[in-house]
There are 2 protein chains.
Amino acid sequence: MSQTLPDLVGLRPPVGKRSGRREQILNVFLRQEGHLGADELVELVRREDQGISRATVYRALQWMVEAGIARKVDLGEGRFRFEHSYRHPRHFHLICKSCNRSSEFLSPDIEALVEEVASARSFSARQSVLQIYGTCAECRTGRQATPDEGATDLLFARDALRIAIATEQSGLEFYSRAAQAARNPRGRRCFQRLAGEERVHLGELEARYRKLLAGDPQLEARPTFLFFKGAANGLFAAGADQIGRGVSDLEALMTAIRCERASHRFFKRYGARFEDSEGKQIFLEFAEAERAHLERLVREYRLLSKRPARQRARRARGPSASA
Amino acid sequence: MSQTLPDLVGLRPPVGKRSGRREQILNVFLRQEGHLGADELVELVRREDQGISRATVYRALQWMVEAGIARKVDLGEGRFRFEHSYRHPRHFHLICKSCNRSSEFLSPDIEALVEEVASARSFSARQSVLQIYGTCAECRTGRQATPDEGATDLLFARDALRIAIATEQSGLEFYSRAAQAARNPRGRRCFQRLAGEERVHLGELEARYRKLLAGDPQLEARPTFLFFKGAANGLFAAGADQIGRGVSDLEALMTAIRCERASHRFFKRYGARFEDSEGKQIFLEFAEAERAHLERLVREYRLLSKRPARQRARRARGPSASA
DNA sequence: CTAGGTGCAAATAATTTGCAGAGGC
DNA sequence: GCCTCTGCAAATTATTTGCACCTAG
């Protein structure tokens, strides 16, 4: 919010030249939130400095887009709008035709499907734009609601934590059940340890969530920003059902590995999208925690499965060891 | 293609007046395929009739959009383009920034996610636009490929049939396995009968598919138009794994019911989107077939479960029958 | 005869460009 | 001093509008 430019411009090497005017325009632009029309920016800049021409602002915007500081978005009106990319990742839009306001959301699920379609058509996608036009709740009911604009990074952090918590919860559930159902004492101990760790980690995450909410009491009530189906019930939900249906410890371990891996991947890949922000940090830390678990699980799996189905490739290098 | 207007205009009561000029413009417009710029249409119309002014064409287009004959699309250039809705349902776009061509696709999966997001935000969505910008395969490899434009309804029919066939195949697999694994002779007979029906139906669908391809030899090679994950392996794929894992006949029946119902819903809902076309017909016929199966399954389920878990509501109307 | 469609030319609206001058390194 | 930014005004592009006229019902 109160961040000054250097960091920002550092996103990509500024292609054009720095100059007083540009910095001035950039400064005004960055102070704004939401989607700004070019002319609105001219208006705002002129409020501070009368002598700036429209063309200069247009040129500055052009430069900002090239430099990756701003994104040009078309919200279906006749003109373009601009939003800055700082702490504001690519997202999709819900656009109300009645009040002309727009709100944003993220959906890894949709992104994944888009990627699939593109790759099926061997199309190399650089950017995708999804706009949902319609009428927002406020316009239909007449009630006023929280202004949705801005604070995207906080919403992201909140939803990241929620997903992480849901994942931990389902993981805890999974490991607890697995420990109970375990046949092998070694397996039982392993699952118990994992469950214990999940419990601790869960506590930490919940504390962090409470702390985040304490900073902004309205935060909890804000609508979902990050939609991710896979995490609605935690990434282990699917696996947890399996336990108690007579699967072996080894199978349970395998399921756990799959779940942890999926979780690790998701958090790592998605965390990378954001510029520096709390949400990104949460995502990446969580990814790291999952990776640690994953490693432990894989080690455990190897130990538990006394004779691997096939010799591991690394051992099959030379024919020295006989079968 | 060679369809004349009456049907088309009938889509919605034509709001404005019919007039020589408009019909002329409309005619030219409908003969085109793909996305037409307003000025391009002016150009085309003037080739037939010199004396038509730009304003008239613009007004005609406006009217067509209002009448539901045309859709105004923004492909991210500075101007709008128009496409006619006849045999051309709402779809998404892949837009090549290099050759400026765009190709279309459908994705019920994405649509479903969009609906979920909208409803989570209590946003009533009227229309959603998804554009994927990037570079197409032809531009990257230099090779020329099948022109993708047009013939959307044939592609839709082709993909509808593919999905239907995959569904039938997985259904056949499911019922065959279930019949083998059945414990109850009545259950076995039921599953066998269903498997038999699926086989017949599958044959019909495959014949229809071959017939469709015969009409246009290039059709098979064209890229996927309708992306639907649920059907990649047939809608029964998930259920089929279950069989042989010691589930009861009743559980298998329940799974079958779920699968058939999902399939029925999908085909019915999605079929409804299209204007009259072969694809729509395939979808709706298939939905009907699934409905018939579904009814049979439900009847069978009731018979097989001799004592329902709870008394059915319809019987619990009066307190005459004692527990 | 009259509502609405049509042509022409002018208006609009967002954005870009040519050119002369100003400013930072 | 050079190169690029800047301001101003004019150009451009896509689309709309005012107005007089025409045409179908």
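For the structure, see preceding data.
Thresholds applied
Residues numbered from 1 in each chain as written. Chains lettered and ligands numbered in written order. Predicted model: local features only at pLDDT ≥ 70, side-chain atom pairs only at ≥ 80, totals over all residues. Heavy atoms only, no water. Pairing = 2+ DSSP bridges. Helix = DSSP H or I, 4+ residues; strand = E, 2+ residues; numbered from the N terminus. Contact = heavy atoms within 4.5 Å. Buried area = accessible area lost by both parts, 1.4 Å probe. Salt bridge = Lys/Arg side-chain N within 4 Å of Asp/Glu carboxyl O. Polar contact = N/O pair within 3.5 Å; in protein donor to acceptor, adjacent residues only side chain to side chain. Buried < 20%, exposed > 50% of the residue type's maximum accessible area, 1.4 Å probe, protein only. Least-squares fit on C-alpha atoms with pLDDT ≥ 70 in both. Axes fitted to C-alpha atoms, helices over the stretch in contact; angles between N-to-C directions. Parallel < 35°, antiparallel > 145°, perpendicular 65-115°, else oblique. Left-handed = near helix turned anticlockwise from the far one by under 90°. Nonpolar A, V, L, I, M, F, W, Y, C, P; charged D, E, K, R; others polar. Phe/Tyr/Trp six-rings, centres within 6.5 Å; stacked < 30°, edge-to-face > 60°. Lys NZ or Arg CZ within 6 Å of the ring centre and 35° of its normal.

Direction of pairing for strand β6 (residues 124-135) of chain A relative to strand β6 (residues 124-135) of chain B: antiparallel, over a ladder of 11 bridges. Within β6 of chain B, the position partnered with Thr135 of chain A by the bridge is Ser124 of chain B. Strand direction decides the pairing type here: strand β4 (residues 92-96) of chain B and β6 of chain B, joined by 4 bridges, are parallel. When the sheet's bridge partners are listed, His93 of chain B is paired in β6 of chain B with Gln131 of chain B.

Before going further, it helps to spend a moment on the interface of chain B and chain A. Residue-level contacts link 39 residues of chain B with 39 residues of chain A. Carbon and sulfur atoms supply 63% of the area that chain B and chain A bury against each other, a total of about 3,500 Å² over both sides. There are 2 salt bridges connecting chain B and chain A. Ionic pairing is found between Lys229 of chain B and Glu116 of chain A, a salt bridge with its closest N-O pair at 3.1 Å. At the junction of chain B and chain A, the tally comes to 21 residue pairs in polar contact (both at pLDDT 80 or more).

Residues and elements named next belong to chain B. If you trace the backbone, His293 turns up in helix α11 (residues 278-304). By relative accessible area, His293 is classed as buried at 6%. Once you skip the residues sitting within four places of it in the chain, His293 turns out to touch Leu194, Glu197, Glu198 and Glu260.

When chain B is fitted to chain A, the residual RMSD is 0.1 Å, and the transformation amounts to a turn of 180° plus an axial shift of 0.1 Å. Both chain copies can therefore be described as sitting about a two-fold axis. Considering only C-alpha atoms, the part of chain B nearest the rotation axis is Leu130 of chain B, at 2.1 Å. Looking at chain B, 100% of its interface residues are interface residues in chain A too, so the copies touch through the same face.

To continue, consider the packing of helix α10 (residues 249-271) of chain A against helix α11 (residues 278-304) of chain A. Each pair of packed helices gets described by two things: the angle between the helix axes and the distance between those axes. All names here are of chain A. At their nearest, the axes of α10 and α11 sit 8 Å apart, and the two run at 155° to each other. Accordingly, the angle class assigned to the pair α10 and α11 is roughly antiparallel. α11 is crossed by α10, and the crossing has left-handed handedness. Across the contact of α10 with α11, the residue classes tally to 17 nonpolar, 4 polar and 8 charged.

We now examine the packing of aromatic side chains. Following the criterion strictly, the structure yields 25 aromatic pairs over all chains and no others. A ring pair is formed by Phe267 of chain B and Phe283 of chain B, whose centres lie 5.0 Å apart and whose planes are at 65°; its orientation type is edge-to-face. One end of the pair, Phe267 of chain B, is in helix α10 (residues 249-271); the other, Phe283 of chain B, is in helix α11, with 16 residues separating them in the sequence. Given the relative accessible area of 0%, Phe283 of chain B is considered buried. Members of the aromatic cluster, joined through ring pairs, are Phe156, Phe228, Phe266, Phe267, Tyr270, Phe274, Phe283 and Phe286 of chain B. Above the plane of the ring of Phe80 of chain A lies Lys72 of chain A, whose end atom (NZ or CZ) is 4.5 Å from the centre.

Let's shift gears to the sheet that holds strand β3 (residues 81-84) of chain B. All names here are of chain B. Spatially, β1-β3-β2 is the arrangement adopted by the 3 strands of the open sheet, whose pairing is antiparallel. Two strands in the sheet have a free side with no partner beyond their single neighbour: β1 (36-37) and β2 (70-73). Where β1 lies against β3, 2 bridges are found, and the strand directions are antiparallel. Bridge pairing in β3 links Leu36 to Phe82. Strands in contact with helix α2 (residues 20-31) are β1, β2 and β3; relative to β3, the strand with the most contacts, it is inclined by about 85°.

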